[in-house]
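# Examining the three-dimensional arrangement
Okay, here's what each chain looks like letter by letter:
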Amino acid sequence: MPPSLRHLRFVMILQAFVALFLVALTSSSPVVEKRQTLARVITKCTKPNTVALTFDDGPWVYLYDVSKALIAYNATGTFFFNGCIYDADEAKRVLYAYQKGHQVASHTWSHSDLTTLSWDNIHDEMWRVEQALQKIVGVVPAFMRPPYGNYNDLVLQASAVRNQSVVIWDFDSEDSIGATPAQSESDYDQIISKHPSTILALNHEIHETTAHQVLPYALDKLSKAGYNMVSVAECVGLPAYQFIGSPEIRDSTWHC
Ligand SMILES: *[C@@H]1O[C@H](CO)[C@@H](O)[C@H](O)[C@H]1NC(C)=O
Ligand SMILES: *[C@@H]1O[C@H](CO)[C@@H](O)[C@H](O)[C@H]1NC(C)=O
Ligand SMILES: [Zn+2]
C-alpha cells in the first residue's frame, strides 16, 4: 500500500471510532443528565433589605390570625402546606392564604424525611401536594420545603424533574423545637440587632404562641428596622408558581 493510502485508511478507522464514541455518548446521556440535574437550593434571600417569613406544617386554625398579623404590617408570608389539605376547613384556609396574596408552596404530603425514601416515593410525596394545590387554588407551586429541612441528591434530582426549588432557611425561630415565646422573641431581637441584609425565617403556624405572640412581636421589630417583608419568591426574584389557573370545583377526587 502506498503511504498516502495507508494514511487515508488510518483516518477512516479513526473517524469510525469517533462516530461510535459519539453514538454511545448521545444515546446514554439524556437519562444520565436528567437524573444528575439538581434543583436549586435556597437558603437565603437575595434581594437586599428583604425578610421572608415562612410558615410550615399548616394549614391550621391559626392561619387566619397569621395572615391578619402579616397584612397589618404590609407583609407577605409564605406557607409551606402539608397533609390532607382536601378536608373542607383545610382547603378553605389554603385558598384564603392564596387570596390574601401570600405565597402557597409545598411541604410535601405526609411529612416524611425524604432522605429515607425511594425515587418513586419522593415523587409521590411531592406530587400529591402539587395536585391538591392545583385543585384547591389553581396553581402549581415552584417552591417546596422538605420536612425537617432534610434533602439529599435524590431529593434534589426529583425536585429538578418537578421544576421546583428547594427552600431551607437562615434563621430559625425555634418554635418547633421547644423554644418558649420569650426565647423566640429574643432570637428575633438578636438577628435584627445584627441587621443582616436579608433574613429567611422559619416559623410554624400550628403553634398558638407563634401566631399570637411571637409573630406580632417580630413584625413590629422588623418593620421598625426598615425591612420589606415579602414572599420567598419575591425575595429571590423568581416566579412563585409553575402554572397559575383557577380553583377547581370540589368533586370525588378531592380525597386523601
Ligand atoms: C409594602 O410592601 C411593599 C413590598 O415590600 C413595599 O414596596 C411598599 O413600599 C410597602 N408599603 C408601605 C406603605 O409600607
Ligand atoms: C417551570 O417553572 C417556571 C417557574 O418557576 C415556569 O415559568 C415554567 O413554565 C415551568 N416549566 C414547566 C415545563 O412547567
Ligand atoms: Zn414541617
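Summary of the structure given here. Predicted model, so just to flag it, every value in this text is computed and none were measured. (Residues numbered from 1 in each chain as written. Chains lettered and ligands numbered in written order. Predicted model: local features only at pLDDT ≥ 70, side-chain atom pairs only at ≥ 80, totals over all residues. Heavy atoms only, no water.)

## Regarding the coordination of the zinc ion (ligand 3)
- Donor atoms from the polypeptide that bind the zinc ion (ligand 3) are Asp57 (OD), His107 (NE2) and His111 (NE2), placed at 2.0 to 2.1 Å.
- Mapped onto the sequence, the donors of the zinc ion (ligand 3) take the spacing D-x49-H-x3-H. A residue pair is termed long-range when its members are at least 10 positions apart, and Asp57 in strand S2 (residues 50–58) and His111 in the loop between strand S4 (103–106) and helix H4 (119–136) qualify at 54 residues. (Donors = N, O, S within 2.8 Å, 3.2 Å for Na, K, Ca; no water. Helix = DSSP H or I, 4+ residues; strand = E, 2+ residues; numbered from the N terminus.)

## Things to note about the site of ligand 2
- Near ligand 2, the surroundings consist of Ala142, Asn163, Pro239, Tyr241 and Gln242.
- Between ligand 2 and the protein, one listed contact pairs an oxygen atom with a side-chain N or O atom of Asn163 at 2.3 Å.
- Out of a free accessible area of 360 Å², ligand 2 has 42% covered by protein chains.
- Class assignment for the residues of the shell around ligand 2 results in three nonpolar, two polar and no charged. (Near = heavy atom within 4 Å. Polar contact = N/O pair within 3.5 Å; in protein donor to acceptor, adjacent residues only side chain to side chain. Areas by Shrake-Rupley, 256 points an atom, 1.4 Å probe, with all protein chains shown as cover. Nonpolar A, V, L, I, M, F, W, Y, C, P; charged D, E, K, R; others polar.)

## Some thoughts on the site of ligand 1
- Asn74, Asn228 and Val230 make up every residue found near ligand 1.
- The side chain of Asn74 places a nitrogen or oxygen atom 2.4 Å from an oxygen atom of ligand 1.
- Out of a free accessible area of 360 Å², ligand 1 has 34% covered by protein chains.

## A word on helix H3 (residues 88–99)
- For H3, which comprises twelve residues, the first-to-last C-alpha distance of 16 Å matches the rise-based estimate of 16 Å (1.5 Å per residue) to within 8%.
- All of the buried residues along H3 are Glu90, Ala91, Arg93, Val94 and Ala97. Along the long axis of H3, the arc covered by the buried residues comes to 160°, so they all point the same way. Residues of H3 that are exposed and point more than 90 degrees away from the buried face comprise Ala88, Lys92 and Gln99.
- In this fold, the buried residues of H3 make contact with helix H2 (63–72), strand S3 (77–81), S4 and H4.
- After H3 finishes, the residue Gly101 shows a positive phi value of roughly 95°. (Expected span 1.5 Å × (residues − 1). Buried < 20%, exposed > 50% of the residue type's maximum accessible area, 1.4 Å probe, protein only. Arc of directions from axis to C-beta. Contact = heavy atoms within 4.5 Å.)

Fair warning: the whole summary comes from geometry, so function is off the table for now.
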